[in-house]
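Each chain, letter by letter, is given below.
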Amino acid sequence: MVKLVYENEDTSLVSRFVEKGYRTIPSLWINGSPLPPELCAKARPNQTLLSFLRDIGLTGTKLGCGEGGCGACTVVVSKSVNDKLLHTSVNACLFPALAADGLHVTTIEGIGSWKAGAKSHDQDNLHPIQKAMVDMHGSQCGFCTPGIIMAMYGLFAQNTGGKLDVEHLEEHLDGNLCRCTGYRPIWDAARSLCDDSKVEGATGPCGVPCKECPERDVCEMDCNVEEKKQEGENGGCCAGVVTTCTETKVMEFKQVVDEKYGEWWKRPDTSFPQELTTSSKEPLLVVDTSIHSGGTWFQPNTLEDLLDLYREFAPQDGGLKMVVGNTEVGIETKFKHMVYPRMVYPKESISTMYEVVETDSHFHVGACSSLSSLQSLCHDLMDKESTAKTAKPIHDMLRWFASTQIRNVACLGGNLATASPISDMNPMLAAMGANIILASRPVADGGIERRTIPVKDFFLAYRTVDKKNIEVIERIDIPLAGKFEYVSPFKQARRREDDISIVTSGMKIKLKPDETGWIIEDISIALGGMAPKTVMATKTMATLAGKKLEEETFAAARTVMQDEFRMPENVPGGQAEYRLTLACSFLYKFYLFCVTELKKEVESSIDKDSLPALPVVASEEESAVGGFVGAQKPSISGTQSYPAPKVASGFEESYFAEEKKEAEVLDSPREVAKVDSVGKAATHQSGPLHWYVYYEFTGEAAYTDDIPAPENLLHGSLILASKCHASLASIDTSPALDIPGVFGVYTHEDIVKLGGDNRMGPILLDDVAFLPIGEKVQFVGQVLGIVVAVSQEIAEKGTRAVAVQYDKELEGHPIVTIEDAIEAESFWLDFRHECKRGGDVEAVLNQTEVDGKKLVIVEGSFRSGGQEHFYLEPNSTLAVPSESGTDLTIYASTQAVTKTQDFCARVTNTPAARVVVRMKRMGGGFGGKETRSVFASCAAAVAAKVSNRPVRLTLNRDTDMSITGTRHAFLTHYKAGAIIQEDGTVKLHALDVQLYNNGGCAFDLTGPVLDRALFHVDNCYNWPVFRCVGTPCKTSQPPHTAFRGFGGPQGMMVTEHVIEHLAHKCKVSSDMLRRDDCTPFGMRFGDGFTGKWNVPSIFDDLFTKLDVPGRRAAAADFNAKNKWIKRGVALMPTKFGIAFTAKYMNQGGALVHLYTDGTVLVSHGGTEMGQGLHTKCCQVAAQAFGIPLDDVYVNDASSDKVANTIPSAGSMSTDLYGMAVFDACKQILKRIQPIRDSLPPNATLKEVAKKAFYDRVDLSAHGFYAVPNERCGYDWFKERPEDFPDDLPENSWKGHPFNYFTQGVAFAEVEIDVLTGNHKTLCSDVVVDVGSSINPAIDIGQIEGAFIQGMGWSTIEEVVYADDNHTWIRPRAKTFTTGPGTYKIPAFNDVPEKFNVSLMQNADNPFAVHSSKAVGEPPFFLGCVVFFAIKDAIAAARGEDGGYYELRLPATSERIRMACMDEISSQCITTEASSFQPKGSF
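What you see is a predicted model; the values in this text were computed from it and never measured.

**A short note on the overall build of the chain**
- Across its full length, the chain holds 42 helices and 48 strands.
- Principal-axis analysis of the C-alpha atoms places the extent of the chain at approximately 100 × 85 × 80 Å.
- Buried positions account for 64% of the 1482 residues belonging to the chain.
- Counting only contacts in the chain whose residues sit at least 6 apart along the sequence, the fraction spanning at least 24 positions is 78%.
- Carbon and sulfur atoms make up 50% of the accessible area of the chain, which amounts to about 51,300 Å² in all.
- Here the chain contributes 147 positively and 191 negatively charged side chains, and the mean placements of these two sets differ by 2 Å.

**Let's talk about the pattern of salt bridges**
- In the structure shown here, the tally under the stated rule is 72 salt bridges.
- The shortest N-O distance in the salt bridge between Asp-1071 and Arg-1112 comes to 2.9 Å. Remark: Arg-1112 occurs in helix 35 (residues 1108-1121) and Asp-1071 occurs in the loop between helix 33 (1048-1066) and helix 34 (1095-1105); sequence separation between them is 41 residues.
- A salt bridge links Asp-1329 to Lys-1413; the nearest nitrogen and oxygen atoms lie 2.6 Å apart. Placement of Asp-1329 in strand 47 (residues 1319-1329) and of Lys-1413 in the loop between strand 48 (1394-1399) and helix 40 (1425-1438) is noted, with a sequence separation of 84 residues between them.
- Residue Lys-1413 is classed as buried on the basis of its relative accessible area, which comes to 6%.
- Within this structure, Arg-54, Lys-62, Asp-705, Asp-706 and Arg-952 form a network of salt bridges that share partners.

**Quick look at the sheet that holds strand 43 (residues 1192-1194)**
- The 4 strands lie next to each other as 43-42-41-45, forming an open sheet whose pairing is mixed. Looking at which strands have only one partner, the edges of the open sheet turn out to be strand 43 and strand 45 (1260-1266). The mean angle between the axes of side-by-side strands here comes to 25 degrees, regardless of whether they run parallel or antiparallel.
- As judged from the 3 bridges shared by strand 42 (residues 1160-1164) and strand 43, these two strands associate in the parallel manner.

**A short note on the sheet that holds strand 33 (residues 876-882)**
- In spatial order, the strands read 25-28-23-36-33-34-35-44; together these 8 strands make up an open sheet with mixed pairing. Strands at the two margins of the open sheet, each flanked by one partner only, are strand 25 (742-747) and strand 44 (1197-1198).
- Of the strands in this sheet, strand 23 (714-720), strand 25, strand 28 (783-789) and strand 36 (951-954) touch helix 26 (residues 792-801), which is tilted by about 25 degrees from strand 23.
- Across the sheet, helix 29 (residues 897-908) is in contact with strand 34 (887-892), strand 35 (915-919) and strand 44; its angle to strand 35 comes to roughly 145 degrees.

**Topic: helix 40**
- The end-to-end C-alpha distance of helix 40, which contains 14 residues, comes to 20 Å, matching closely the 20 Å that a straight helix rising 1.5 Å per residue would cover.
- Across the 14 residues that make up helix 40, a large majority, 10, are buried.
- Buried residues of helix 40: Val-1425, Val-1426, Phe-1427, Phe-1428, Ala-1429, Ile-1430, Lys-1431, Ala-1433, Ile-1434 and Arg-1438, and no others.
- Of the residues trailing helix 40, Gly-1439 is marked for its positive phi of about 80 degrees.

**Overview of the nonpolar core**
- Of all hydrophobic cores here, the largest spans 314 residues; its most connected members are Ile-509, Ile-525, Leu-995 and Trp-1023.
- At 17 residues, helix 20 (residues 576-603) tops the list of elements feeding residues into this core.
- Counting residues in hydrophobic clusters, the runner-up holds 57 residues, among them Cys-1178, Ala-1224, Tyr-1300 and Val-1409.

**Examining the packing of helix 29 against helix 30 (residues 934-947)**
- It is the contact of helix 29 with helix 30, at a shortest axis distance of 9 Å, that shows an interaxial angle of 40 degrees. In this view, helix 29 runs oblique relative to helix 30, as classed from their interaxial angle. Here helix 29 runs over helix 30; the crossing is right-handed. Touching Lys-899, Thr-900, Phe-903, Cys-904, Val-907 and Thr-908 of helix 29 are Val-934, Ser-937, Cys-938, Ala-941, Val-942 and Lys-945, all from helix 30.

**Quick notes on the environment of Phe-484**
- Summarising the element assignment, Phe-484 is placed in the loop between strand 17 (472-479) and strand 18 (485-493).
- For Phe-484 and Lys-512, which are 28 residues apart along the polypeptide, the C-alpha to C-alpha distance reads 7.0 Å.
- Ignoring anything within four residues of it in the chain, the contact list for Phe-484 reads Lys-389, Ile-509, Lys-510, Leu-511, Pro-513, Trp-518, Leu-598, Glu-601, Val-602 and Leu-611.

**Let's talk about the environment of Lys-1065**
- Relative to the helices and strands, Lys-1065 resides in helix 33.
- On the basis of relative accessible area, Lys-1065 is assigned to the partly exposed category, the value being 47%.
- The spatial distance from the C-alpha of Lys-1065 to the C-alpha of Gly-1443 is 9.1 Å, given a sequence separation of 378 residues.
- Once you skip the residues sitting within four places of it in the chain, Lys-1065 turns out to touch Val-856, Ile-857 and Val-858.

**Here we look at the packing of helix 37 (residues 1213-1238) against helix 38 (residues 1245-1254)**
- Running from N to C, helix 37 and helix 38 cross one another at 110 degrees; their axes reach a closest spacing of 9 Å. For the element pair helix 37 / helix 38, the angle class is roughly perpendicular. For the element pair helix 37 and helix 38, the recorded crossing hand is right-handed. Contact residues: helix 37 offers Ile-1232, Ile-1235, Arg-1236 and Ser-1238, while helix 38 offers Leu-1245, Val-1248, Lys-1251 and Ala-1252.
- Of the residues assigned to the contact of helix 37 with helix 38, the class counts are 5 nonpolar, 1 polar and 2 charged.

Cut-offs applied
- Residues numbered from 1 in each chain as written.
- Predicted model: local features only at pLDDT ≥ 70, side-chain atom pairs only at ≥ 80, totals over all residues.
- Heavy atoms only, no water.
- Helix = DSSP H or I, 4+ residues; strand = E, 2+ residues; numbered from the N terminus.
- Buried < 20%, exposed > 50% of the residue type's maximum accessible area, 1.4 Å probe, protein only.
- Contact = heavy atoms within 4.5 Å.
- Areas by Shrake-Rupley, 256 points an atom, 1.4 Å probe, with all protein chains shown as cover.
- Lys, Arg positive; Asp, Glu negative; His and termini not counted.
- Charge placed at Lys NZ, Arg CZ, Asp CG, Glu CD.
- Salt bridge = Lys/Arg side-chain N within 4 Å of Asp/Glu carboxyl O.
- Pairing = 2+ DSSP bridges.
- Axes fitted to C-alpha atoms, helices over the stretch in contact; angles between N-to-C directions.
- Expected span 1.5 Å × (residues − 1).
- Core = buried A, V, L, I, M, F, W, Y, C linked by side-chain atoms within 4.5 Å.
- Parallel < 35°, antiparallel > 145°, perpendicular 65-115°, else oblique.
- Left-handed = near helix turned anticlockwise from the far one by under 90°.
- Nonpolar A, V, L, I, M, F, W, Y, C, P; charged D, E, K, R; others polar.

Below, the structure written as structure tokens:
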């Protein structure tokens, strides 16, 4: 029985406050309409706007992270202020539902939708932003798309008539994440809508850009002729290549916008309800009496009322918590589970708390005014002489403060009150001499008392401030900087955009001239990230005060700073040496900044001749001035090239050509086809297809968590272990069952009652659904059971109430890292594999010469870290029982439909035939939902089976990241040799590698991942003598699993590291070493084996086209002139084998129905996660039947349509299911051929199908395809047969692991800031051989997305655990990086500034459908070219004497900075600087 009783003691307050004029029901308006009062009354004080919106059915707004870090929840709120409408984007996952009182909320459903029945672009009802995103392929999985569109909508809405300039867009589109696209097409879509978008290219004397000229085809002017000629040389259509670029697309879409969408830009204003133009003056009180125990909400409208509330309630238990943006309180309540029974939200009518005012001496900033309003004011005042010195540093720091969505609601008062030790603005305010004005009303009906305190004195200790509980921060007064005063902000984070600082600082100096030079009259240095609170560098400041402005003065101060802020190795947050190095580097940057600014002011001074000489700064030192904080954000653009569309014949022609007649049958529909479908750049269509693609852009696409709630739905929350390396003693569920709204708690005992099998695992059954009592807890976060309740909030409350007891910890301590595992010999030895050829590698590598030629030997180690999948849609399952609980329908976000079916059936003791798993669409997977989604579905299935009620289980982002595993971290020890030839060239000779990967506590896919690393550890290079041994390690981390590349990137990184090491020791360019032609496991290239070996030609073409030697020379010249900014370049190839090495997995099925109206329904065994599988399969079917693509449809992946399926993984899905679809179509075509022959030649498919139906011809077919036996499978332990031919490669008797290889080459140029470790990618050029593309747009999108994901893995994405390197995290083995706050994937600002992608021409593939190639995973490794370009830049900073070093992956800002090994960093390292390595989890 569910308890539904809750009493709020504040109900007694209602009558008193109503008498004072308070309302008790909020006024909520959404998408132009008011909500009825009974619905408004359901909004709770502790409820977010996102939760409320989804409760009322507006599910287009997504829950991606719950902490405002991904932007999937973005909506726009609008209000009328002084007869002006203000529109701002906000994170609905943080914004309180009751804060929307009196505002107009616009969601994705309210800006545009696809009209039912519309079948053309002209009939749609899309907003131009949605249309631009559709046309420019700005979506793949689609989960993040509504949030991105709403962020753009908010920016355009701020400008009347939609007039937005590109710079403003680039500055503020910073609060959303996308894991699929690589951002470039989204940038194109956004820029195409801007009023000042520029189109590069020639402009004729007529004044019209040649590309825009309506007479371009006939114009004979030189400018036009030359530009068309260049387009042809670069691959114009006439050259057999289609080339599109940002500029062209922007131009083309701008014409569409201008013609069609003029009125749409006014929609934010026209849709604003007139009733809200006069905002309600009445205060609001909401007392929650629901079972959610949501507390009480006060919304006073005067300062006196606010202070009275503080006097009455702040001293009581629970106090009174002020909420404005909820950006901090929302985090505290959701993730720290803090409870605030009373919250107060001051209305904007309290003007002193919301005004931002400029006076002659100060900026007066209301404590509740948004950071965006302060940023906007400072932007307007940056060019004003009297305010520029104050406005610009504030503006520049705020640019990088969180995101636009956060800044739109967050306030300075909140920053100060929460006293975060890593706040960006608090050090700035402290350094600038700002004061805080505190207000209180100690006596009822008395006057307001105010107290002033300097910001620098406000912070007492960690999260503790000098504020009485009855006081509120009313405003902040910031003094304006005067003559010869300079202020500068500093910040370094793991990622530039939307990231908390590692170290942040504000510095202010006041100079005065005298006869000796420029004297430091006063200086303020405030730091964040260097102590438990914002601190002033008092000793450093004392050293500088009164001294002469010169480098020696600051060098002496740096020494003092090092002593003042040196931190212990295990300091909370870690990175002790780096943080100190940053603080000292900021100090040096500040000195150079002051000299630069002083020079400007002196030169503009009327008495400059009487002023003393300026300090002298060498030209190469000037590069240290500034940094990304004050720099303009880059424009992202790119070019995409692909062969002209064609319908290529592939493996289907030979595979299905049993009879010539059948082949002719397959050809016949093409004669009546309106258009070809294969080879066209059709719009990406995830889930439902064609015009239904627009659903992704309108919020109408339903993901698992969006499925309408069935009757009696229960929500689930997992019970997780809080420690590991101990036995589970007991689980007391009674405290949870006592909570109103909790329905049940289910554990291993319930699986036993069902008669289910608790064991799980894709290979070994070494994992469990729910851990039984008495067994060892394998990892922190292991699932112990599930709580189900009437809402998600109550289920989570129930989970926290469950009392879990553990027995005494086991002997020793948890094995966390690979080094721990090696020391403890914790391995899966049955899966240790070895690959070797060419003789005794140890003997060879002990030589110094080979055939009289010098053999250069290198040895060392290399480490690559894990990577969080960070699919935007967390794991989600809806389990629905039927037939009295005997049947189960499982709606799951999974890549493995059959695996989910199998284990849900096993754990609930239900026959598989009675369990149907359906997968509509997935918000990203990347391998993370291949196996590690299954446990969540099993938990929901158990709860649904036992309760006989539907159960929805959607993991919170932090839970998902804590327990689902990541990419495997690798540790490699290597020894390699290369021969110096007589002509000075270098030839690779021998490689000996020991690979170890961290598999976590259960085997999952660790063995196959390691095997693929072994298969790819050679990358594209021939090592005549080779040995590689792979050992999987068992640790106390969560089970690690598949991730895009599946071990291949980890293996290839090793050889690329070795190549760099050998090139350094041989004193040659690494470009010289990066070519050759065979693989250690015996596969051969060529048409009869794995297809043409294209890497050498791609490498040479790119090398020549880009003039790589010239680019290297230019970078070297730049580096010689700039000491503190360095550039690096890299060129790198890849090959990626396509096939599952487990032979049985190389199969796929499909079901095709031809309906009598001539349309086709396709079902297949694959799942759509944004990779375009459904689209390509439909293109195959449309081509086979000769019908338009719009006439083919895929509904969902379902185990009752296509059974016994293989997970969508390994980039194999199009190869398998495209062929299976083709097979099914072929069968139907063969059956209807006699009918076609009996009808007129121009008969449509509809007419043929209708007659076939009446003639009782079966119009459905099941297709099937299996990769031929001789083209897949590998047996590691197979001995060489006695009769095996000697002329075949060594190891080839073991099998043929890959059907073919997808190949490619990438180039990158980067720039690093030596003093901070910040880096940016200036350009990237990528060429990939994808065969004959079925859909070039999808393939290019996959390449771009994979490249950015690979770039992220190798640069900023760092997974951290509680291990020996991170003892400040507890308990041991806990995952620390559990959300966007601690784990950073690439953001909009991280994309290469010039991002060019090309598909190779003339690269047909005879081994796959329509001569295509797999594309999802292979390009991932090419993103790692950025890593090696960074390494090249670091080498320039280290100089020739820097020696070779191991740059561990990822190349974070910390690793970049500390590897540069300059004087500043060396002074901050207490150990030997040359061998210092920043800590990591491997």
